[in-house]
Structure formats: structure tokens, C-alpha cells
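Architecture and fold: a report
Residue strings, one per chain:
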Amino acid sequence: VSDGPITAACSMPDSQFAVTNMNTLVVDVWKLVWNQQCSKASLVKVKSYKVKTPMVRLVYCSLLVGVTFQGELCDVANVVKDEWGNTNISWNQSVSILSVVRNDNKSVWLTGEKNDEVHIGFFFGMGSNAPINSSFSSITMNSGDNEQENKKRSLITAVTVDQEFVVCGDEEGNIWFNQHPDISSWSEKKPAHLDRISELRLTDRNIISASYDRTLKLWDRNTKKQVGMFVCGGPVLFLEVNPRKPSELVCADGQGKLYSLCWID
């Protein structure tokens, strides 16, 4: 589907998915088409959208939204029209976006980091004709790092959120999370991996962490105790949970290997 390194992809309704690559300022939409016997499938390109800036993330929430490296949110189908309502620059060149977490069919959570603070954003889409410049809101949370000012703080490298529950990870392999009932308070940092946390995901039962130390670990969401681990061939760079069955996931490592994992809760 691409003649260059893919930088972002997302699923869309009607067996479609969007893909963009590093070499061209284009987002392509493809459709998976099956024959009548459902024995053979082929990919058909449905649309191509020109964009002004490379996209590092794509997400569909009633419209196709792209996220640039600078943190700008774009209506992919209309971004080249230069209309004020087709972009949102609230986090542009200020917040490093770390994850996009699906909330429902029309909204997503975004997490980011700036100056050792956790930023939580919420975006909702109301169709392709609705402006997105006013469809985003965010809050800033102190990261909970109470180290002395003259001591180097560890860079926050991963954040995820599920409703009011937020989990963070840093470059030293620690994870920590906000606590109840005061959700603005944080737990102590917990050594979880031997190297940088690259990805975090939440399910109803588990916290899932991935790291440059080649491991993927499962933690019980309530007790915070480790309940599983898988070792990859290289640093774990990508992780995605099956939204229809949270006990299934795919991850990819720095050696180009893709792993499909499942477990019994």
C-alpha cells in the first residue's frame, strides 16, 4: 500500500483503512474487498487526500483526523483548503503527543507531555462538515515526580488513559498512575522494565506495558501486580489491543517482527 516507510494507519468503517507514509504528503484510503465465496480478498484504493504536513498518527471518529509531528490536529479530507475550521493548533509545537485512545465512535482521548507535565486532551468529531478547531479541550496534570529540582527527572515516554484512570511510563522503565478518590494524586513510581517504556494500554482488567528491554508485561489493574510477560526479539516499538477482544493484541519490535498474542483472564 506504500512505496515508503508507513508513519500512520487507522481503521475506518466499511472495511476501509487509511495509511500515510514518510515520502509523500498523501493519505490513502483502502478497502478490503472479498469475492462472493469469501475465499479471496484484495485491496482497492478508494481515495487519496493531499496534506500539507506529514501525519504521524491517524484516527477515525466520524471523520478522518490526522496528527502532525508538531501536534496539530487536521481534518484530512479538507486540510488543503486552508479554512480556519479544518485544523486545531491547541497543542501545536508545544505538547509532545504520546497516544491517541479511542473513547467511542465519535471521540478520542489524546495524551501528551510537556515540561514534565502530563497533558490529557479530548477530541470529538461530528462529521466531515463540522469544524474541528473548536472540537478539542485539554487539561494539564502534574506528573507526580517529586524529585528535587536539581536532580535530573526522567523523561515521560508513554501515557494512556481510560475514563479518569491515567497511567504513565518513563525512559528508565518506571510506571505510575493516579489514585482514587483524589485522581489528581499519584502513586510512587514502580520499576516495571529495565529500559524505556514505549507503549501503555489499558483494558478492563489489565495494564499492558511494552519496553525497549524487549518485554511486554501484563499487570492486574486492581492490585498492580504482574500477571504475565512475553519476550520479543528486539525493542517493542508498537502495541495495539483488539477492541473487540481485549485479551488479544499485536505488537512489533525493532527487528521487524510482528507478534500476535492472546491470554486467558
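Residues numbered from 1 in each chain as written. Predicted model: local features only at pLDDT ≥ 70, side-chain atom pairs only at ≥ 80, totals over all residues. Heavy atoms only, no water.

Some words on the overall build of the chain
Helix and strand counts for the chain stand at 0 helices and 23 strands. Computed over the C-alpha atoms, the radius of gyration of the chain is 19 Å, within 12% of the 18 Å expected from 2.2 N^0.38 for a compact globule of 265 residues. For the chain, the residues scored as buried account for 46% of the 265 residues in total. The long-range share in the chain, meaning contacts at least 24 apart out of those at least 6 apart in sequence, stands at 35%. Total accessible area on the chain is roughly 14,400 Å²; 50% of this is exposed by carbon and sulfur atoms. Averaging the coordinates of the 27 positive side-chain charges in the chain and doing the same for the 30 negative ones gives two points 6 Å apart. (Helix = DSSP H or I, 4+ residues; strand = E, 2+ residues; numbered from the N terminus. Rg over C-alpha atoms; globule rule 2.2 N^0.38 Å. Buried < 20%, exposed > 50% of the residue type's maximum accessible area, 1.4 Å probe, protein only. Contact = heavy atoms within 4.5 Å. Areas by Shrake-Rupley, 256 points an atom, 1.4 Å probe, with all protein chains shown as cover. Lys, Arg positive; Asp, Glu negative; His and termini not counted. Charge placed at Lys NZ, Arg CZ, Asp CG, Glu CD.)

Let's talk about the UniProt feature "domain: TEP-1 C-terminal beta-propeller" (unreviewed entry) in the chain
The residues that UniProt annotates with the feature "domain: TEP-1 C-terminal beta-propeller" (unreviewed entry) are residues 193-263. Counting secondary structure, residues 193-263 comes out at 0% helix and 58% strand; the distance between its end C-alpha atoms is 20 Å. (UniProt positions renumbered as here; feature names shortened; annotations may be inferred.)

A word on the sheet that holds strand 17 (residues 197-202)
The strand order 17-18-19-20 describes an open sheet built from 4 strands, whose pairing is antiparallel. The open sheet is flanked by strand 17 and strand 20 (226-231), the only strands paired with a single partner. Pairs of neighbouring strands in the sheet enclose a mean axial angle of 15°, with direction left out of account. Where strand 19 (residues 215-220) lies against strand 20, 5 bridges are found, and the strand directions are antiparallel. (Pairing = 2+ DSSP bridges. Axes fitted to C-alpha atoms, helices over the stretch in contact; angles between N-to-C directions.)

Looking at the UniProt feature "repeat: WD" (unreviewed entry) in the chain
Look at the UniProt record and you will see "repeat: WD" (unreviewed entry) annotated at residues 190-229. The span residues 190-229 carries 0% helix and 60% strand; its end-to-end C-alpha distance comes to 16 Å.

A look at unusual backbone geometry
The linkage connecting His 180 with the following residue, Pro 181, adopts the cis geometry, with an omega of 5°. Tracing the backbone shows Pro 181 in the loop between strand 15 (174-177) and strand 16 (190-191). A positive phi is found at Gln 93, a non-glycine position, where the angle reads about 55°. Assignment of secondary structure puts Gln 93 in the loop between strand 8 (87-88) and strand 9 (96-104).

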